[in-house]
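Chain and residue survey
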Amino acid sequence: MIEPSKILELNKVAKQMVAAGKGILAADESFNTIEKRFAKINLPSTEENRRAYREMLFAAPGIGEYISGVIMFDETIRQRATDGHTFVTILEKAGVLPGIKVDLGTKEMDDSPNEKVTKGLEGLPDRLAQYARFGAKFAKWRAVIAIDEELPTEANIGQNARDLANYALACQEAGLVPMVEPEVLMDGSHTLERCEEVSLKVLEAVFAELKNAGVAFEGMILKTNMVLPGKDSGQAAVPEEIAAATLEVFKKALPSTLAGQAFLSGGQSEKEATVNLNAINKLGPHPWPLTFSYGRALQDSALKIWAGKPENARAAREIFLHRAKMNGLAAEGKYGAEME
Ligand code: 13P
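Residues numbered from 1 in each chain as written. Predicted model: local features only at pLDDT ≥ 70, side-chain atom pairs only at ≥ 80, totals over all residues. Heavy atoms only, no water.

So, the site of the ligand
The criterion, for reference: Proximity is defined per residue: any heavy atom of the residue falling within 4 Å of a molecule or strand makes that residue near it. Here a polar contact is recorded for every N or O atom pair within 3.5 Å, except that within protein the pair must consist of a potential hydrogen donor and a potential acceptor, and residues adjacent in sequence are included only if both atoms are side-chain atoms. Using the Shrake-Rupley algorithm and a 1.4 Å probe, accessible areas are obtained, with residue cover drawn only from the displayed protein chains. Think of a 1 Å grid over the protein atoms and nothing else: a 1.4 Å probe that fits but is trapped marks a cavity, an open set flanked by protein within 12 Å on at least five of seven lines marks a pocket, and residues with an atom within 4 Å of a point count as lining. Pocket occupancy is defined atom-wise: a molecule lies in a cavity or pocket when more than half of its atoms are within 2 Å of its grid points. Secondary structure elements follow DSSP: runs of H or I of four or more residues count as helices, runs of E of two or more count as strands, with numbering from the N terminus. Each residue gets one of three labels, nonpolar for Ala, Val, Leu, Ile, Met, Phe, Trp, Tyr, Cys and Pro, charged for Asp, Glu, Lys and Arg, and polar for the others, Gly among them.
Around the ligand, 13 residues are found, and the nearest of them are K140, K223, S265, G266 and R296. Interatomic distance of 2.5 Å between a side-chain N/O atom of K140 and an oxygen atom of the ligand. The backbone of G266 places a nitrogen or oxygen atom 2.7 Å from an oxygen atom of the ligand. The protein chains hide 92% of the 310 Å² of surface that the ligand would expose on its own. Taken atom by atom, the bulk of the ligand overlaps the largest pocket. Secondary-structure elements contributing two or more residues to the shell around the ligand are β6 (138-145) and β10 (290-294). Residue composition of the shell around the ligand, by class: 3 nonpolar, 4 polar and 6 charged.

Spelled out as structure tokens, the structure:
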């Protein structure tokens, strides 16, 4: 069990992460993922290019107005801005909480090669202690759930839920707020109804394991998917349907004491991710703050405009901050297309 004084501290940070009108920037792309993103702008993924790109984002003037926290990758939390300050210091000065991805990616599940489990529990307490010394205030662990008519299997849901709970408990013991990320993928031809069914099953399993492990819900943030039709389903869902289905699942599965939920964008376009978040919050108030923790939906345009050139940093920052502002408004249900 986590001591009450520790839970109070974790709750304070968790509340800051989901503060009104703010959300989280996921900039924790692994080496493989950032290489894919950079390939789109024909930029080699060197250590210096990765550093320069993250500096463009993190040192954007006024970032703290809409961004409450940034999730970094292991390499990034050790890097420095051009002025010599660590990224942790740069973020702290801007009033942004430094966070860190602590999972080590996914691997095929034994006996179910089309499903994945997440690596990184071994040695986790030592790594968490080191990240806390670097100044991280929260952590992230992503579990990936494949979906079709048959998948996910009970075994896959169970293992991912248990691993997320073990991770979350280790974080809270180390004084870091866990972001618990079960992601039901958008890939596939499944319907919105199937996504709703699977998302509910997954979240119920995750919260049962979290409770079982003694994780304090007040000291954690959920990071999960919106209920969406599969990318190849051909099904067109309007934001109001997506919002209603997502909230239906949350009402059934999320404990009222949960500090907050921050959505991943998961392959939605920048505007879809904003419009859908807005539709969800327009149906509020809800028992928990519901905000964003977007990677691609905050970065896609900024990366394209930046294109690896220092002279483009200003324009790239402008579009990045614009998306952050639009999502900040959507987190309060106050966004409108005319604001674009
Ligand atoms: P996307 O918003 O691009 O899905 O990334 C969020 C994230 O952190 C996935 O783990």
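On we go from here.
With respect to the nonpolar core
As a reminder, the rule being used: For the purposes of this section, nonpolar cores are sets of buried Ala, Val, Leu, Ile, Met, Phe, Trp, Tyr and Cys residues that join through side-chain atoms within 4.5 Å. Here's how the labels work: a residue is buried when its accessible area is under 20% of the maximum for its type, exposed when over 50%, partly exposed in between, all with a 1.4 Å probe on protein chains only. Contacts were defined at the residue level, with two residues in contact if any of their heavy atoms lie within 4.5 Å.
With 113 residues, the main nonpolar core has I67, Y167, L210, W306 and F320 as its most contacted residues. If we ignore the near neighbours within four places in the chain, the residues touching F320 are L25, L57, A60, I63, I67, L298 and A302.

Overview of helix α6 (residues 124-134)
We count it as follows: The arc under discussion is defined with respect to the helix axis, by the directions toward the C-beta atoms.
Taken together, the buried positions of α6 are L124, R127, L128 and Y131. Along the long axis of α6, the arc covered by the buried residues comes to 100 degrees, so they all point the same way. Turned more than 90 degrees from where α6 packs its buried face, P125, D126 and R133 sit exposed. In this structure, the buried side of α6 is in contact with α4 (74-77), β3 (97-101), β6 and α7 (154-174).

Some thoughts on the pairing of strand β2 (residues 67-72)
Stated precisely, the cut-off is as follows: Strand pairing is assigned whenever DSSP identifies at least 2 bridges connecting the two strands.
The element β2 is extensively covered by neighbouring structure, given that 6 of its 6 residues are classed as buried. As defined by bridge partners, strand β1 (residues 23-26) adjoins β2 across 4 bridges and the pair is classed as parallel. Following the sheet pairing, G23 is matched in β2 by I67. Bridge analysis of β2 against β3 gives 4 bridges, and the strand direction is parallel.

Focus: the packing of helix α2 (residues 31-39) against helix α3 (residues 47-58)
Our working definition: Working convention: axes come from line fits to C-alpha atoms, limited for helices to the stretch in contact. Angles between N-to-C directions cover 0 to 180 degrees. Comment on the angle field: the value is read as roughly parallel under 35 degrees, roughly antiparallel over 145, roughly perpendicular from 65 to 115, and oblique elsewhere.
α3 packs onto α2 with a crossing angle of 80 degrees between their chain directions and a minimal axis gap of 12 Å. In this view, α2 runs roughly perpendicular relative to α3, as classed from their interaxial angle. Every residue of α3 that contacts α2 at F31, I34 and F38 is listed here: N49, R50, Y53 and R54.

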